[in-house]
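# Understanding the architecture of this molecule
Residues per chain are reported as follows:
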Amino acid sequence: MTDRRGIVIDLDDLHDGWPDLMSKANLNVLGIHNWNPEHLISAKIDTLIRYFQSAEGAKTVDRLDKLNIGLEFELHAMSWLLPREHYNAFPNWFRMDEDGERTAKDNFCPSNAEALEVVRTNAVTLARRLKPSTNRYYMWQDDNKPWCNCEECRSYSMSEQNLLVMNAILEALQTVDREAELSYLAYMATLESPPEKVKPRDGIFLEITGPGIHQMDQANPQGIHNDGKFQLALARNLQVFGAARTQVLEYWLDASLQSRWKKPVKKLFFDEKTASKDIEYYNSQGIGSITSFGVFLDERYFREYGEPPVEAYGRLLTEADRASDV
Ligand SMILES: [Zn+2]
C-alpha cells in the first residue's frame, strides 16, 4: 500500500495553493527540489536555506505540519557539500576525468579521505539547516554526471562510488539524527547496474526514478525505453536494497519535463491510465512510497490553467491503497 504519497516541486513553484491542494488530494509528503542550471545548483541550496529560515518559510512549515504533510528536501547537493572553490588548493579531492586530469566539474573523488571528511561535515550542516520533518534526507549526486576515474576509484562502478559517498554521509547524519535515512538515487547511469562491491549502510533507502525520464532520453542508447527493461532494473535494485523503504520518483506530473525544462510552461497532460498501471505495479512489488515530480507547477501555472491534476493523482494512490488492503 502507498503509505507515503508525495509530490516534488521546486522552491520557485511553492505558493499558498500547494498545502491545501495536497491535503484535498490526500498527499502526505512534499519534497522541495533545487532545479536550476548546473552552475547555480549550490547557490539555490543557499536560497532554500534562507527561505526556510524566514518568517514566510516558517509559516509554510507550520501549515504543512498542521495538515500532517511531511516536508523533505530532494537536492542535487555535491557542489554544496564539496565547494568547487577548493579545487585550486586541493585538486586531488576532485574527480579524475577520462583523460586522467583532475577536474572541479561533476561529483568528486570518493577515495580521497579528506574530501570525504569535508563532505560529511557539510552534510551535517545542511541537515541542520534544512531539516526534513520525516528524517528522510536526499543529498543526491550531480545530475546525471560521472564519478571518478582515478587509480583507486576506477574499479568501482558509478553506482558503487555513489553508494560509498551516501554511506559516508549517512554515517555522519546519524551522529546528529539517530533516525536519519538517506536516499540512494538510482537513475540514468546508476539505474541498470546496482552496486555489488559496496553494501548499503542500514538507513540507506533506494529511490528509483520511473521510466518517464528515460523514455525522453533519446540521446542515451543504453537508456530505458520500455517498461520491461525498467522493471528488470527495478528488480535488480530491490535485490540489493529491499522494498520496505524504497521510494519511487516518477514524472507523471512533471510539467518541466513536458515543457523540455523551458518556460513558458505548457498545460500538463496527466496520463492517468499509465500512472494507474505503474502504481499498481509498484504496489505489487511491495513499494509503499510513491512520489512524482511536479516542477514548474508554480503560481503562474495555477493562474493560467487552474489547479493541476493533483487530486486525480492522489486518488490513484488512495485507490491503490484500498485495492491492496482488500
Ligand atoms: Zn578517485
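Bear in mind the structure is a predicted one, so any value in this text is a computation, not a measurement. (Residues numbered from 1 in each chain as written. Predicted model: local features only at pLDDT ≥ 70, side-chain atom pairs only at ≥ 80, totals over all residues. Heavy atoms only, no water.)

### Some words on the sheet that holds strand S6 (residues 136-140)
The strand order around the closed barrel built from eight strands is S1-S2-S3-S6-S7-S8-S9-S10, with neighbouring strands paired in parallel fashion. Here the average twist between neighbouring strands, direction ignored, is 25°. (Pairing = 2+ DSSP bridges. Helix = DSSP H or I, 4+ residues; strand = E, 2+ residues; numbered from the N terminus. Axes fitted to C-alpha atoms, helices over the stretch in contact; angles between N-to-C directions.)

### Some words on the packing of helix H2 (residues 41-53) against helix H3 (residues 55-66)
For the pair H2 and H3, interaxial distance at closest approach is 4 Å and the crossing angle is 75°. Viewed along their axes, H2 and H3 adopt a mutual orientation that is roughly perpendicular. Residues Tyr-51, Phe-52 and Gln-53 of H2 lie in contact with H3, whose contacting residues are Ala-55, Glu-56, Gly-57, Ala-58, Thr-60 and Val-61. Its residues placed into classes, the contact of H2 with H3 shows five nonpolar, three polar and one charged. (Parallel < 35°, antiparallel > 145°, perpendicular 65-115°, else oblique. Contact = heavy atoms within 4.5 Å. Nonpolar A, V, L, I, M, F, W, Y, C, P; charged D, E, K, R; others polar.)

### Things to note about unusual backbone geometry
With an omega of 5°, the peptide bond between Lys-263 and Pro-264 qualifies as cis. The residue Asn-144 is not glycine, and still its phi comes out positive at about 55°. Summarising the element assignment, Asn-144 is placed in the loop between S6 and helix H6 (158-176). The class for Asn-144 is partly exposed, based on a relative accessible area of 40%. Its identity is not glycine, yet Phe-296 carries a phi of approximately 85°, on the positive side. Note on placement: Phe-296 falls in the loop between strand S10 (289-293) and helix H11 (299-305). (Buried < 20%, exposed > 50% of the residue type's maximum accessible area, 1.4 Å probe, protein only.)

### Some thoughts on the coordination of the zinc ion
For a metal with four donors in a tetrahedral arrangement, the ideal angle between donors is 109.5 degrees, while six donors in an octahedron ideally sit at 90 or 180 degrees. Taken together, Cys-109 (SG), Cys-148 (SG), Cys-150 (SG) and Cys-153 (SG) make up the protein donors of the zinc ion, found 2.3 to 2.4 Å from the metal. Note on Cys-150: relative accessible area 4%, which makes it buried. (Donors = N, O, S within 2.8 Å, 3.2 Å for Na, K, Ca; no water.)

### Here we look at the side chain of Glu-74
Examined against the element boundaries, Glu-74 turns out to sit in strand S3 (residues 70-76). Here Glu-74 is buried and forms no salt bridge, its nearest opposite-charge partner Arg-4 lying at an N-O distance of 5.9 Å. At a separation of 3.4 Å, a polar atom in the side chain of Glu-74 contacts the side chain of Gln-247. Those residues within four positions of Glu-74 in sequence are excluded, and the remaining contacts are Val-8, Gly-31, Ile-32, His-33, Asn-34, Tyr-138, Trp-140, Glu-207, Gln-247 and Leu-249. (Lys, Arg positive; Asp, Glu negative; His and termini not counted. Salt bridge = Lys/Arg side-chain N within 4 Å of Asp/Glu carboxyl O. Polar contact = N/O pair within 3.5 Å; in protein donor to acceptor, adjacent residues only side chain to side chain.)

### Some words on the environment of Gly-314
Turning to its location among the elements, Gly-314 is positioned in helix H12 (residues 310-325). As for Gly-314 and Ser-284, which are separated by 30 residues in sequence, their C-alpha atoms are 18 Å apart.

### Regarding the pairing of strand S7 (residues 181-186)
Counting buried positions along S7 yields six of six residues, so the element is predominantly enclosed. Burial of the side chains of S7 extends over both faces: Glu-181, Ser-183 and Leu-185 are buried on one face and Leu-182, Tyr-184 and Ala-186 on the other. Pairing of S6 with S7, which is carried by two bridges, proceeds in the parallel orientation. Bridging from a neighbouring strand, Arg-136 pairs with Glu-181 of S7. Taken together, S6, H6 and S7 constitute a β-α-β crossover, and its handedness is right-handed. Bridging between S7 and strand S8 (residues 204-209) involves five bridges; their strand directions are parallel. (Right-handed = clockwise from strand over helix to strand, strands pointing away.)

### Some words on the confidence of the model for the protein
On average, residues of the protein carry a pLDDT of 92, and 94% of them reach 70 or more. A low-confidence stretch, residues 216-224 (pLDDT under 50), is modelled with 15 contacts involving residues beyond four sequence positions or located in other chains. (pLDDT = per-residue confidence, 0-100.)

### So, the pattern of salt bridges
Pairing is possible between side chains that carry opposite charge, provided their charged atoms lie close to one another. The tally for this structure, following the rule as stated, stands at 20 salt bridges. A salt bridge links Lys-24 to Glu-311; its shortest N-O distance comes to 3.8 Å. Of the two residues, Lys-24 is situated in helix H1 (residues 17-24) and Glu-311 in helix H12; the sequence distance between them amounts to 287 residues. Classification of Glu-311 as partly exposed rests on a relative accessible area of 32%. Of the charged contacts, one joins Asp-298 and Lys-263 as a salt bridge, the two residues approaching to 3.3 Å between their closest N and O atoms. Of this pair, Asp-298 sits in the loop between S10 and H11 while Lys-263 sits in the loop between helix H9 (255-258) and helix H10 (272-284), and the two are 35 residues apart along the sequence.

### Thoughts on the packing of aromatic side chains
One pass over the structure, following the stated rule, counts 15 aromatic pairs. Here the aromatic rings of Trp-18 and Phe-302 are separated by 5.4 Å at their centres, their planes lie at 70°, and the arrangement is edge-to-face. Of this pair, Trp-18 sits in helix H1 while Phe-302 sits in helix H11, and the two are 284 residues apart along the sequence. The burial state of Trp-18 is the same as that of Phe-302; both residues are buried. Considering the side-chain rings of Tyr-51 and Phe-52, the 4.8 Å spacing of their centres and the 90° angle between planes classify their relative orientation as edge-to-face. (Phe/Tyr/Trp six-rings, centres within 6.5 Å; stacked < 30°, edge-to-face > 60°.)

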